[in-house]
Amino acid sequence: MAAVVRAFFGYFFLVMIVRIVGRRPGKQMTPFEFVLIFFIGGLALTAIVGDEVSFTNAICQIITIGLAHYTLAWARTKSSRFARLVDGTPLILLEKKEWRAQTLRFQRVNQDDVLASARDSGLKTLDQVDRAVLERNGEISISPMQATPRKA
Amino acid sequence: MVTEPFSKPVKDSVAKVNNEIEVGENLDFQRKWWRFENVVWVFFTLIILLDLAGLFGRGPIAKAERRSADGTIDVKYERIERTDSPSILTIDFGPSAIQDGKITLYVSQSLVKALGTQRVVPAPLETRIGNGGLTYSFPASRLPATVDLALEPSGPGVYDFTIGVVGAAPVHAKVFVVP
């Protein structure tokens, strides 16, 4: 029983930690994120499995995590408030040639990150950017001036 | 039978910015979230500092030492331990502990079962069960004399234990085992 409880708690704890640590800008994982994700995952795994290395325990814990994930996903669809807590909301970083300084600082996003996304969208300068939005998954969406929005 | 409609019309559920782009930004919520994050980071830092201090085991706060009333034994142990994590309980014997060339040491059942004694170093010459615990006999000549118990608690809880030389004043202590 304790193993299932550990798996359940471990899943939600990791979701919370990743939510608190914050979204890093960019659509690909950098080596920095690789270290973070695999390190955290590995540490959680050793604590959750403990010395219960049986196949039965593995199946039960995998099912527990699946159920926990399903519960979370279901709760997100039922409550927009809960979805906001779990996922956050998109945040405008640049609008009409003005930086949202507070958002950049608290989200730990550099102007260079926005420029990189702009270049990825085929834009050469910030003058061509109408809006830059930090999406919930960490990607920066760029809306070019007088063009249809394209995802970065 | 399917009760959900197959499709439904698009409604303006996400707020538009300047009547142009639907972003769904919520700065009120976001500012509250940033404040919450700051509190959480302070809390995390506090947890780490307390952990380094030993409040969750393995640190200065966790270490404890008890001496029996008549000085026959001095026990060094960890008053806060972690589940499935090893630790050493050390018993240093005083002059009156050696009787007839041996030391007879009683340990309560909680030390063996709940606190999970894995090894006794040195190995005792004889082990007797009874009286709610185990009694070990070690051949002994002169001081200093020390016995170590390697512990590994199996589960969280608060456990009392008693340890002492047979016929002398024992040491009673409590160990908190965290998950």
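Fair warning: this is a prediction, and the values are worked out from it, not measured in the lab.

(A) Examining the overall build of chain B more closely. Helix and strand counts for chain B come out as two helices and 13 strands. For chain B, buried positions account for 41% of its 179 residues. Only carbon and sulfur atoms are counted for the fraction: they give 58% of the accessible area of chain B, which is about 11,000 Å².

(B) Layout of the overall build of chain A. Check the secondary structure of chain A and you find six helices and four strands. For chain A, the succession of helices and strands along the chain, N to C, is α-α-α-α-β-β-α-α-β-β. Principal axes of the C-alpha set define a box for chain A whose edges measure 60 × 35 × 25 Å. Within the span of chain A, comprising 152 residues, buried residues form 35% of the whole. A sequence separation of at least 24 residues applies to 59% of the contacts in chain A between residues at least 6 apart. Accessible surface computed for chain A: about 9,600 Å², of which carbon and sulfur atoms make up 65%.

(C) Representation of the interface of chain B and chain A in the model. Taken together, the contact between chain B and chain A spans 20 residues of the former and 26 residues of the latter. Summing both sides of the interface, chain B and chain A together bury roughly 2,000 Å²; the carbon and sulfur share of this comes to 59%. Viewed at the interface, chain A and chain B are joined by one salt bridge. In this structure, Arg100 of chain A engages Glu25 of chain B in a salt bridge whose closest nitrogen and oxygen atoms are separated by 3.2 Å. Taken together, chain B and chain A are joined by five residue pairs in polar contact (both at pLDDT 80 or more). Ranked by the residues each element gives to the side of chain B that touches chain A, the list is headed by helix 1 (residues 27–53) of chain B, at eleven residues. Of the residues assigned to the side of chain B that touches chain A, the class counts are eleven nonpolar, four polar and five charged.

(D) Inspection of the sheet that holds strand 3 (residues 63–67) of chain B at higher detail. All names here are of chain B. Taken together, five strands build an open sheet; the order of strands is 3-4-6-11-8 and the sheet is antiparallel. A single partner strand is all that each edge strand has here, and the edge strands are strand 3 and strand 8 (117–121). Sheet twist, expressed as the mean angle between neighbouring strand axes with direction ignored, is 15°.

(E) Just the pattern of salt bridges, in detail. If you walk through the whole model with that rule in mind, you get 14 salt bridges over all chains. One salt bridge in this structure joins Arg100 of chain A and Glu95 of chain A, with 3.2 Å as the shortest N-O distance. Classification of Glu95 of chain A as buried rests on a relative accessible area of 13%. In this structure, Lys174 of chain B engages Asp160 of chain B in a salt bridge whose closest nitrogen and oxygen atoms are separated by 3.5 Å. Remark: Asp160 of chain B occurs in strand 12 (residues 157–165) and Lys174 of chain B occurs in strand 13 (residues 171–178); sequence separation between them is 14 residues. Its relative accessible area of 40% is what places Lys174 of chain B among the partly exposed residues.

(F) Up close: helix 6 (residues 111–120) of chain A. Residue and element names in this part refer to chain A. Those residues of helix 6 that fall on the buried side of the exposure criterion are Val114, Ser117 and Ala118. Taken down its axis, helix 6 places every buried residue within 105° of arc, on the same side. Turned more than 90 degrees off the buried face of helix 6, the exposed positions are Asp112 and Arg119. Each element contacted by the buried residues of helix 6 is listed here: strand 1 (91–95), strand 2 (98–99), strand 3 (129–134) and strand 4 (140–144). Two residues or fewer after helix 6 comes Gly122, characterised by a positive phi angle close to 90°.

(G) How the structure looks around the pairing of strand 3 of chain A. Residues and elements named next belong to chain A. Of all six residues making up strand 3, six are buried, and the element is well covered by its neighbours. With four bridges joining them, strand 1 and strand 3 adopt antiparallel strand pairing. Its bridge partner lying in strand 3, Leu91 is registered against Leu134. As paired strands, strand 3 and strand 4 are joined by five bridges and run antiparallel to one another. Bridged to Arg131 within strand 4 is Ser143.

(H) How the structure looks around the nonpolar core. Of all hydrophobic cores here, the largest spans 32 residues; its most connected members are Leu89, Ile91, Phe93, Leu111, Leu149, Phe161 and Ile163 of chain B. For Ile91 of chain B, the contacting residues outside a window of four places in its chain are Ile73, Asp74, Leu105, Ala145, Thr146, Val147, Leu149 and Ile163 of chain B. The next biggest cluster of nonpolar side chains, apart from the first, holds 14 residues, and it includes Leu91, Val109, Val114 and Ile142 of chain A.

Each value, and the rule that gives it
- Residues numbered from 1 in each chain as written.
- Chains lettered and ligands numbered in written order.
- Predicted model: local features only at pLDDT ≥ 70, side-chain atom pairs only at ≥ 80, totals over all residues.
- Heavy atoms only, no water.
- Helix = DSSP H or I, 4+ residues; strand = E, 2+ residues; numbered from the N terminus.
- Buried < 20%, exposed > 50% of the residue type's maximum accessible area, 1.4 Å probe, protein only.
- Areas by Shrake-Rupley, 256 points an atom, 1.4 Å probe, with all protein chains shown as cover.
- Contact = heavy atoms within 4.5 Å.
- Buried area = accessible area lost by both parts, 1.4 Å probe.
- Salt bridge = Lys/Arg side-chain N within 4 Å of Asp/Glu carboxyl O.
- Polar contact = N/O pair within 3.5 Å; in protein donor to acceptor, adjacent residues only side chain to side chain.
- Nonpolar A, V, L, I, M, F, W, Y, C, P; charged D, E, K, R; others polar.
- Pairing = 2+ DSSP bridges.
- Axes fitted to C-alpha atoms, helices over the stretch in contact; angles between N-to-C directions.
- Arc of directions from axis to C-beta.
- Core = buried A, V, L, I, M, F, W, Y, C linked by side-chain atoms within 4.5 Å.

These results come straight from atomic positions and should not be treated as a statement about function.
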